Amino acid sequence: MENKPPTDVSNSKKRKRSDGPKPQSQSPLAIKKQKLLVSRQNLPIWSRQKDIRESLRQHSILVLSGETGSGKSTQVPQFLLTEPWCTGKIAVTQPRRVAAISLARRVAEEMGSPLGASSPASKVGYSVRFDDNTSAGTRIKYLTEGMLLQEMLRDGALSQYSCVVVDEVHERSVDVDLLLGFLKQLLESGKRKKPLKIVVMSATADVESLSRFFSTPTPKSEETSNGTVHGDDEEFQGFSDDEQSTPAEKSQVSTCRVEGRQYPVKLHYIDKPTEDVVDAALQRIMHLHCKEPMPGDILVFMTGQEIIHGLQKLVEELAGNLPPEYPRLLVLPLFAALPQAAQQRIFERAPPNTRKVILSTNIAETSVTVPGVRYVVDTGKAKIKQYRNRLGLESLLVKPISKSSADQRKGRAGREAAGQCFRLYTQQSYEELEKDTKPEILRCDLSNAVLKMKARGVDDVFSFPFLTPPNREAMEKSLLQLLLLGTLNEDGKINDIGRKVARLPLTPTLGRIVLEAARPERDCLLEVIDIIACLSVENIFLPTDTEEAREKALEARSQLHRRQGDHLTLLAAVQAYAAETSDRKRWATTHLISHRAMQNVLNVRKQLTTQCKSLLPNPTVRSTVDEDTQENILKCFLKGYHGNNIARLCPDKTYKTFAGNQTVAIHPSSVLFGRKVEAVVYNEFVFTTKAYARGVSAIQLKWLEDVWGSS
DNA sequence: CTATGAGCG
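The model shown is predicted, which means the values in this text are computed figures rather than measured ones.

Caption draft 1: Main features of the side chain of Thr-218. Relative to the helices and strands, Thr-218 is located in the loop between helix H8 (207-215) and helix H9 (247-250). In this structure the side chain of Thr-218 is engaged in a polar contact, spanning 2.8 Å, whose partner is the side chain of Glu-188.

Caption draft 2: Representation of the nonpolar core. Membership of the largest hydrophobic core comes to 50 residues, with the highest contact counts inside it found for Val-164 and Leu-180. Residue-level mapping places this core at the junction of two domains, with at least three residues from each of domain 1 (48-218 + 230-258) and domain 3 (442-503). Here Leu-180 is in contact with Val-166, Val-169, Val-200, Leu-210, Phe-213, Phe-214 and Leu-467, once residues within four sequence places are set aside. By size, the runner-up hydrophobic cluster in this structure holds 48 residues, among which are Ile-529, Val-537, Phe-637 and Val-707.

Caption draft 3: Quick look at the protein's contact with DNA strand B. Not every one of the 39 residues close to DNA strand B is listed here, only the nearest: Lys-383, Lys-385, Leu-396, Leu-506 and Val-686. Backbone sugar and phosphate groups make up 57% of those atoms of DNA strand B lying within 4 Å of the protein. Contacts to DNA strand B include Arg-97, whose side-chain N or O atom sits 2.5 Å from a phosphate oxygen. Taking Thr-144, its side chain carries an N or O atom lying 2.6 Å from a phosphate oxygen of DNA strand B. Where the surface near DNA strand B is concerned, the elements lending two or more residues are helix H6 (145-154), helix H11 (305-320), strand S14 (381-388) and strand S20 (679-687). The greatest single-element share of the surface near DNA strand B, amounting to 3 residues, is contributed by H6. Of the residues belonging to the surface near DNA strand B, the class tally is 15 nonpolar, 15 polar and 9 charged.

Caption draft 4: Focus on the packing of aromatic side chains. Overall, the coordinates contain 9 aromatic pairs when judged by the stated rule. Centroid distance Phe-464 to Phe-466: 4.9 Å. Interplanar angle 70°. Geometry classified as edge-to-face. Measuring from ring centre to ring centre gives 6.2 Å for Phe-658 and Trp-708, while their planes differ by 55°; the resulting arrangement is tilted. Here Phe-658, found in the loop between strand S18 (655-657) and strand S19 (663-666), pairs with Trp-708, found in helix H26 (residues 701-709); they are 50 residues apart in sequence, far enough to count as distant. Given the relative accessible area of 28%, Phe-658 is considered partly exposed. Among the aromatic residues, those joined into a cluster by ring pairs are Phe-182, Phe-464 and Phe-466. Sitting over the face of the ring of Trp-85, Lys-197 holds its NZ or CZ atom 5.6 Å from the ring centroid.

Conventions used here
- Residues numbered from 1 in each chain as written.
- Chains lettered and ligands numbered in written order.
- Predicted model: local features only at pLDDT ≥ 70, side-chain atom pairs only at ≥ 80, totals over all residues.
- Heavy atoms only, no water.
- Helix = DSSP H or I, 4+ residues; strand = E, 2+ residues; numbered from the N terminus.
- Polar contact = N/O pair within 3.5 Å; in protein donor to acceptor, adjacent residues only side chain to side chain.
- Core = buried A, V, L, I, M, F, W, Y, C linked by side-chain atoms within 4.5 Å.
- Buried < 20%, exposed > 50% of the residue type's maximum accessible area, 1.4 Å probe, protein only.
- Domains from an automatic or database assignment.
- Contact = heavy atoms within 4.5 Å.
- Near = heavy atom within 4 Å.
- Nonpolar A, V, L, I, M, F, W, Y, C, P; charged D, E, K, R; others polar.
- Phe/Tyr/Trp six-rings, centres within 6.5 Å; stacked < 30°, edge-to-face > 60°.
- Lys NZ or Arg CZ within 6 Å of the ring centre and 35° of its normal.

This is the structure:
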């Protein structure tokens with residue numbers, strides 16, 4: 001569902017004039033508040049205000065389902081703020097930063113309050129990574145799920161909050177699944193002195209499983225010797241599922257359903273399955289363009305960058321040959337890796353007599369709202385991450401989307417007016433789709449989630465209250481991984497290293513590499529932080545989609561390239577960028593490097609160096625990276641990868657992985673592409689057209705003994 | 001020898 005509140009485009013100056021004189025005492029904020037009240041009262045959720053307030057007086061948990069346009073994300077926190085039990089703050093979690101920020105802005109306006117830290121009188125703020133815009137008086141705090149998880153690691157009882165509103169639960173991010181489990185355990189633990197109210201909000205009608213989740217007591221841990229964070233389970237023993245739970249327990253949870261507000265969208269299917277969706281999309285786009293009236297832009301959902309570029313070429317070719325009496329066509333690709341300026345083009349108005357066609361990945365399904373769309377073309381496919389226990393790695397596969405995803409895509413045609421949706425598959429195929437997308441926690445490497453649980457005191461992770469429990473094999477794999485990393489002891493309990501790694505904003509592997517770099521024998525903390533910072537943000541190198549662009553980039557970045565490999569090349573890039581004091585943006589442009597990514601790198605670098613102060617108060621500062629340091633840097637990575645992510649050159653001139661003896665090629669984006677060295681360490685193993693190693697550096701085999709010999 | 005989705009800390 002869409003969180004972004006509708007942008008208010010009405011002209012407030014004009015309004016002020018035409019409304020006649022206001023009393024002098026009315027501040028601009030108060031005037032705005034008064035004006036917004038009317039549109040608030042027209043939201044579908046407004047009529048349910050009484051019910052919602054009443055149900056949380058009676059119960060501690062409310063499961064609320066409401067579709068796009070119901071107003072739940074902005075109104076529910078305001079309804080609850082004046083309730084007698086609400087003496088503390090209200091947290092409202094969002095899966096994405098932009099949503100947290102824009103919702104906070106909107107609600108501040110509606111309440112006539114200044115935003116965040118701008119004034120002590122502010123009642124509304126937000127908190128996202130690198131941007132905490134709250135003050136002591138903040139009552140409603142919009143924040144990302146990840147930020148609330150971090151807060152729960154510091155203050156296990158969430159003592160400053162009276163209420164947590166968990167929004168967009170249907171998206172089922174790993175973080176939201178962890179949050180729901182932690183919140184359930186907190187309610188059952190009896191650790192709260194004052195009551196904590198929980199509102200769980202979802203765009204789908206799937207209220208049943210959420211309310212069952214909260215009304216079913218968490219079964220007691222299998223290993224009774226392990227104290228868990230939930231303390232009061234004895235009294236719940238014997239109730240393991242819904243049928244056995246008593247009415248009294250059920251009544252903890254109340255439910256509410258609110259209608260959405262959407263224009264109708266006419267649905268079309270194809271009659272028989274197609275082999276070639278790109279061609280089918282091409283035909284449909286041209287047909288729509290020639291037959292349907294203007295205005296009305298077309299949004300096409302596709303799987304990835306490559307086929308988007310392919311279709312773009314085809315459409316532009318056909319559009320160029322159209323007779324002059326037809327409107328023009330403007331084709332715009334849209335995917336996350338596209339530079340910000342190119343993404344912005346979808347928001348610009350098209351030239352006169354021109355129809356926009358946006359060829360997009362899943363980014364337009366939830367994260368970006370494309371304006372002006374009346375027609376949606378849906379290929380019915382998406383790239384979906386999957387974790388393979390056997391190989392211990394994640395891969396992306398092109399797979400059919402779920403029904404709820406297809407319906408979400410369809411809804412994108414009805415945001416501004418009635419629209420149409422063309423599914424490039426049969427109605428029968430639609431009926432055969434899964435109802436919902438598999439929650440991510442069932443499809444990913446669990447080591448990060450498991451380490452967070454361990455850091456919160458959940459010793460027996462198998463009895464953790466998951467909304468959908470991952471299979472045992474995946475859990476065991478992550479425990480083994482964490483054990484090998486040295487973050488857990490043999491008995492599975494978290495150790496000192498583990499607690500430190502859990503607090504770093506990194507995957508356990510990258511966190512472990514940073515800790516390794518802080519050891520006196522390695523002494524390369526600042527250098528490794530620079531590299532790790534690059535690995536934890538989007539690609540710092542701007543994408544190169546043509547042969548020409550590739551050659552240009554190669555030349556522009558030539559001074560940054562290090563023949564030892566990608567790790568030292570990243571380090572050189574960060575150091576050169578940081579050393580540039582006059583005009584960093586220009587520096588980035590001339591080197592074909594993303595300025596935004598580099599700003600993020602510097603932010604991450606600052607955060608990591610601050611957090612590492614306690615590990616190593618005075619790390620060595622170097623102006624040049626000598627050979628010993630280079631070796632130490634790569635040895636930190638070898639340590640973190642504990643035998644994985646290494647390949648050596650074989651007599652047949654291919655690289656084979658050290659652990660599995662599998663052929664792997666160096667990725668074309670690597671500075672080592674095409675080079676033959678004794679052995680390599682790499683950050684990622686990806687399988688696309690074939691098996692590739694990405695983020696690659698040359699190593700010497702004799703280093704391995706040194707790394708594995710010293711613990 | 002030539003190029004995975006989007007999102008979070």
